[in-house]
Amino acid sequence: MARLVLVGFMGAGKTTIGRLLAQETNLPLIDLDEKIVADNQQTIPEIFAAVGEVGFRRLETQALKAALNDDVVVATGGGVVTQAINRQLLQDTLAPIIYLKAPAPVLNQRVANDTNRPIAAKLDAAGFAELVASREAFYQEVSDLTLLTAEVTPETIVATIKAQVLQARNSKNHN
Ligand SMILES: Nc1ncnc2c1ncn2[C@@H]1O[C@H](COP(=O)(O)OP(=O)(O)O)[C@@H](O)[C@H]1O
Ligand SMILES: O=C(O)C1=C[C@@H](OP(=O)(O)O)[C@@H](O)[C@H](O)C1
Ligand SMILES: [Mg+2]
């Protein structure tokens, strides 16, 4: 079973924090986007161009299912919560799910110059903020803990996760 799952919108820091957490805990990281890219030998924009968002979501669900069964940290992609089947998979896992949250303008600024996110690339600031708002309830629904990441370094977020989630879990297990 996965040890910890990170969810949140594009730019929230799931990949960054997942990598740091994996280094610090010696747990493997499965970043769903990276797994999909490696398995398909195509970039995310190439996959969107070839099979559309629907095709990408199918690959994402397969990757999520497999990752949740492994002893790993899971960094999801921001759109994972848009699929009911994925929300069910997340609700069924016993792994703690952390929602990394930041205001839309901060998220937008973090991903603005990145050409690797086809959904963000075609949105203006208003459209981006609308999409953030439309997913908020889903992140809340699937997660156990929300951490605000706007003015906090990735290192501090990792320290908080280790203290509040991983150590709390370990001490529970040892009682
Ligand atoms: N806490 C943070 N503070 C400032 N910048 C951050 C923070 N977390 C991530 N970033 C930056 O935001 C961008 C997107 O981060 P990433 O980890 O890819 O997000 P996600 O996987 O959630 O889309 C990267 O340039 C990363 O360095
Ligand atoms: O929010 C989304 O719909 C997406 C988020 C991306 O992952 P990040 O959240 O890691 O950027 C990636 O899965 C794809 O571009 C679609
Ligand atoms: Mg990511």
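Residues numbered from 1 in each chain as written. Chains lettered and ligands numbered in written order. Predicted model: local features only at pLDDT ≥ 70, side-chain atom pairs only at ≥ 80, totals over all residues. Heavy atoms only, no water.

**Points about the overall build of the chain**
So the rule is basically this: Only DSSP runs of H or I with at least four residues qualify as helices, and only runs of E with at least two residues qualify as strands; both kinds are numbered from the N terminus onward. Accessibility here uses a 1.4 Å probe with only protein chains present; expressed as a share of the type maximum, an area under 20% marks a residue as buried, one over 50% as exposed, and anything in between as partly exposed. Every residue pair with non-hydrogen atoms within 4.5 Å of one another is taken to be in contact. Surface accessibility in these figures is a Shrake-Rupley result with a 1.4 Å probe; residues are shielded only by whichever protein chains are displayed. Positive: Lys, Arg. Negative: Asp, Glu. His and the chain ends are not part of the count. Lysine's charge is taken at NZ, arginine's at CZ, aspartate's at CG and glutamate's at CD.
Counting its regular elements, the chain contains eight helices and five strands. Each helix and strand of the chain, ordered N terminal to C terminal, gives the series β-α-β-α-α-β-α-β-α-α-α-β-α. Counting only C-alpha atoms and orienting by the principal axes, one finds that the chain spans roughly 50 × 35 × 25 Å. Taking all 175 residues of the chain together, the buried fraction comes to 43%. Counting only contacts in the chain whose residues sit at least 6 apart along the sequence, the fraction spanning at least 24 positions is 78%. Of the accessible surface of the chain, which amounts to about 8,900 Å², a share of 51% is contributed by carbon and sulfur atoms. Seen as two clouds, the 16 positive and the 19 negative side-chain charges of the chain have centres 3 Å apart.

**Section: the site of ligand 2**
Which entries qualify depends on this criterion: Here, proximity means that at least one heavy atom of the residue falls within 4 Å of the molecule or strand. We call two N or O atoms a polar contact when they sit within 3.5 Å, provided that within protein one can donate a hydrogen and the other can accept it, with sequence-adjacent residues counted only if both atoms are side-chain atoms.
Looking at ligand 2, there are 13 residues lining it, with Lys14, Asp33, Arg57, Arg117 and Arg135 nearest. In this structure, aspartate 33 approaches ligand 2 through a side-chain N or O atom, which is 2.7 Å from an oxygen atom. One nitrogen or oxygen atom from the side chain of arginine 117 is found 2.6 Å from an oxygen atom belonging to ligand 2. Those elements that provide at least two residues to the shell around ligand 2 are helix H3 (44-68) and helix H6 (118-121). It is H3 that contributes the most residues to the shell around ligand 2, three residues altogether.

**Overview of the environment of phenylalanine 128**
Here phenylalanine 128 shows up in helix H7 (residues 125-142). The exposure class assigned to phenylalanine 128 is buried, which follows from its relative accessible area of 0%. Note: C-alpha distance between phenylalanine 128 and leucine 20 (108 residues apart in sequence) is 27 Å. Those residues within four positions of phenylalanine 128 in sequence are excluded, and the remaining contacts are Phe9, Met10, Ala104, Leu107, Asn108, Val111, Ala120 and Leu123.

**Focus on the site of ligand 1**
Among the 14 residues in the neighbourhood of ligand 1, the closest are listed as Gly11, Lys14, Thr15, Thr16 and Val152. In the model, an oxygen atom of ligand 1 is placed 2.7 Å from a nitrogen or oxygen of the lysine 14 side chain. In this structure, threonine 16 approaches ligand 1 through a side-chain N or O atom, which is 2.5 Å from an oxygen atom. A total of 560 Å² of accessible area belongs to ligand 1 in isolation, and the protein chains cover 70% of it. Of all the secondary-structure elements, those providing two or more residues to the shell around ligand 1 are helix H1 (14-25) and helix H8 (154-174).

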